[in-house]
Amino acid sequence: QVQVVESGGGLVQAGDSLILPCAASGRQFSNYDIQWYRQAPGMRRELVASFTSYGTTYVADSVKGRFTISRDNAKNTAYLQMNALKPEDTAVYYCAVDSDGTGSLDSWGKGTQVTVSS
């Protein structure tokens, strides 16, 4: 299975920025579909952003204009750049991968905590 590791979380103040790397193993990283989710306490898991293997990106309306997804295939890493953070962005952020082309996510990271104080 593909191993997925997110990092970069922490405690920040409103208005600050963070970048979350997502490293995924494998020799065919360029073929992976990468997705970022987040889940706050008591809330359902929410799709935040995605970057398909063929170059299509998506950013949720709740973070549009503030968050950007990118990837560096040479480094087997995708990134979630988060700017102008708000307290409502506080959540555990998860990176997930579709590595086999089924259209379903097959590998998940353990998550990284982002906490934004007011």
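Provided above is the structure to which this section pertains.
This write-up is about the structure you can find in this document.

Calculation notes
- Residues numbered from 1 in each chain as written.
- Predicted model: local features only at pLDDT ≥ 70, side-chain atom pairs only at ≥ 80, totals over all residues.
- Heavy atoms only, no water.
- Helix = DSSP H or I, 4+ residues; strand = E, 2+ residues; numbered from the N terminus.
- Areas by Shrake-Rupley, 256 points an atom, 1.4 Å probe, with all protein chains shown as cover.
- Lys, Arg positive; Asp, Glu negative; His and termini not counted.
- Charge placed at Lys NZ, Arg CZ, Asp CG, Glu CD.
- Disulfide = S-S within 2.5 Å.
- Buried < 20%, exposed > 50% of the residue type's maximum accessible area, 1.4 Å probe, protein only.

Observations concerning the overall build of the chain
- Per the secondary structure count, the chain includes zero helices and eleven strands.
- Helices and strands in the chain line up, N terminus first, as β-β-β-β-β-β-β-β-β-β-β.
- In the structure as shown, the chain presents an accessible area of about 6,400 Å², 47% of it carried by carbon and sulfur atoms.
- Of the charged side chains in the chain, 10 are positive and 11 negative; the average position of the first set lies 1 Å away from that of the second.

Digging into the state of the cysteines
- A full pass over the atoms with the stated rule returns one disulfide.
- The residue that forms a disulfide with cysteine 22 is cysteine 95, at a sulfur-sulfur distance of 1.9 Å. The sign of the -75 degrees torsion about the S-S bond sets the cysteine 22-cysteine 95 disulfide as left-handed. Highlighted residues: cysteine 22 in strand E3 (residues 18–24) and cysteine 95 in strand E9 (residues 91–98), separated in sequence by 73 residues. With respect to burial, cysteine 22 and cysteine 95 carry one shared label: buried.

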